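Residue strings, one per chain:
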Amino acid sequence: MAQTLNYFIAGYAVILGLLAAYCVILFLQSRKIGRALASLKKDSVQPHLENAN
């Protein structure tokens, strides 16, 4: 019987590592988009407030 346990573990390590990296990238992108959206909302509200004064 071939010794494939090391390949099995290495395969799972690679797949789980890629999945973890993808999750980190998604998290960072969602934070970046959230900050940009908050900035856009802030900018769109300020002109209305300045015109009211």
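Because the structure is predicted, anything quoted here is derived from the model rather than measured.

Colleague: Can you tell me about the overall build of the chain, naming the residues and giving the values?
Modeller: Assigned secondary structure in the chain consists of 1 helix and 0 strands. Here the chain, with 53 residues, has 0% of them falling under the buried criterion. A total of about 5200 Å² of accessible surface is found on the chain, and carbon and sulfur atoms cover 70% of it.

Colleague: With reference to specific residues and values, describe a nonpolar patch on the surface.
Modeller: A cluster of nonpolar residues, Leu-5, Phe-8, Ile-9, Tyr-12, Leu-16, Leu-19, Tyr-22 and Leu-26, forms a patch on the protein surface that exposes about 870 Å² of accessible area. When you line up the elements, Tyr-22 lands in helix α1 (residues 5-52).

How each quantity is defined
Residues numbered from 1 in each chain as written. Predicted model: local features only at pLDDT ≥ 70, side-chain atom pairs only at ≥ 80, totals over all residues. Heavy atoms only, no water. Helix = DSSP H or I, 4+ residues; strand = E, 2+ residues; numbered from the N terminus. Buried < 20%, exposed > 50% of the residue type's maximum accessible area, 1.4 Å probe, protein only. Areas by Shrake-Rupley, 256 points an atom, 1.4 Å probe, with all protein chains shown as cover. Patch = residues over 30% accessible without salt bridge, like charges linked within 9 Å, V, L, I, M, F, W, Y side chains within 5 Å. Salt bridge = Lys/Arg side-chain N within 4 Å of Asp/Glu carboxyl O.

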